[in-house]
Amino acid sequence: MQAAIDTATVSIAPPPLVSETAVAAAVRITEIPELAPQARAAAIAVAAKPMISEAAIDAVLAVAKPMINETAIDAALAVAKPLIDPQAVAAASAIDKAVQEADALPTIEGVEVSRIKQGITLRIQDHLLFDSADATLTDEGRDVIQRLVAMLDELEGTISVEGHSDSRSINTPRFPSNWELSSMRATSILRYLSEAGIDASRMRAIGYADTQPIASNDTVAGRAANRRVEVIIHETR
């Protein structure tokens, strides 16, 4: 009997088992828009992992059927025990962590909040903050930035306020180019945050002009997406 059990245990190699919790986490993480393609592929791979195969279940029944006792139960458990792939476990753990972190991000009206490698990005489209070709915060813009204060005050780490423009040129006495416009917009937000109580020594203002687009400048929608301000919190680990 023991030889048969040993044979069944060795010859049956069910596919790696990922817990239902990890599978659920993997399914959820694939729905996050900003997830990197590599991470999404890993999540899909984990989510697709089968549970114990029918062959393994049949083997369990075959071993346990003749004699239902502790020995048979132990044999059944030995056959059914999943062969945990360390890479699958690591992937599932990373997915679970990512889901928890994504769930923990706040919702701020008018602000796109996302987690990046360096920390957290708060992205705001320019029309919510400024009039066209201007760097003075509108009343609505001040309200939007005020919504960031509590979060920035709670989190530790340095803060980068980064202005971005589309590729259309500007040439006014105040803003000879998009470099000046994007820099002044970032500075206006930094100044507001400082006046609202955020430690100025934590912050820096940067103007990138049109050098870091997130969409094509060949379309109206793309240019609108590129005209933005990003507040990046470089979290202390």
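As a starting point, this report considers the structure included with it. Please read these numbers as outputs of a predicted model, since none were measured by experiment.

### Re the pattern of salt bridges
Charged atoms that come close allow side chains of opposite charge to pair. This structure, assessed with the given rule, holds nine salt bridges. Residues glutamate 112 and arginine 123 are paired through a salt bridge, measuring 3.7 Å at the closest nitrogen-oxygen approach. Taken together, the residues span a long stretch of sequence, with glutamate 112 in strand β1 (residues 112–116) and arginine 123 in strand β2 (residues 119–125) at a distance of eleven residues. The exposure class of glutamate 112 is partly exposed, given its relative accessible area of 42%. Overlapping salt bridges bring together Asp126, Asp166, Arg168, Arg185 and Arg227 as one network.

### Section: the environment of alanine 186
The residue alanine 186 is located in helix α8 (residues 178–195) in this model. Each C-alpha atom of the pair alanine 186 and alanine 135 lies 8.4 Å from the other, and the pair is 51 residues apart in sequence. Apart from residues lying up to four places away in sequence, alanine 186 is in contact with Val161, Glu162, Gly163, Ala205 and Ile206.

### Describing the sheet that holds strand β3 (residues 157–164)
Strands sit in the order β1-β2-β5-β3-β4 across an open sheet of five strands; the sheet is mixed. With partners counted over all chains shown, the strands left at the sheet margins are β1 and β4 (203–207), one partner each. If you compare each strand with its neighbour and ignore which way they point, the axes differ by 20° on average. Across eight bridges, the pairing between β3 and strand β5 (residues 228–235) is antiparallel. Bridge pairing links isoleucine 159 to isoleucine 233 in β5. Sitting on the sheet, α8 touches β3, β4 and β5, and the angle it makes with β4 is about 160°.

Thresholds applied
- Residues numbered from 1 in each chain as written.
- Predicted model: local features only at pLDDT ≥ 70, side-chain atom pairs only at ≥ 80, totals over all residues.
- Heavy atoms only, no water.
- Salt bridge = Lys/Arg side-chain N within 4 Å of Asp/Glu carboxyl O.
- Helix = DSSP H or I, 4+ residues; strand = E, 2+ residues; numbered from the N terminus.
- Buried < 20%, exposed > 50% of the residue type's maximum accessible area, 1.4 Å probe, protein only.
- Contact = heavy atoms within 4.5 Å.
- Pairing = 2+ DSSP bridges.
- Axes fitted to C-alpha atoms, helices over the stretch in contact; angles between N-to-C directions.

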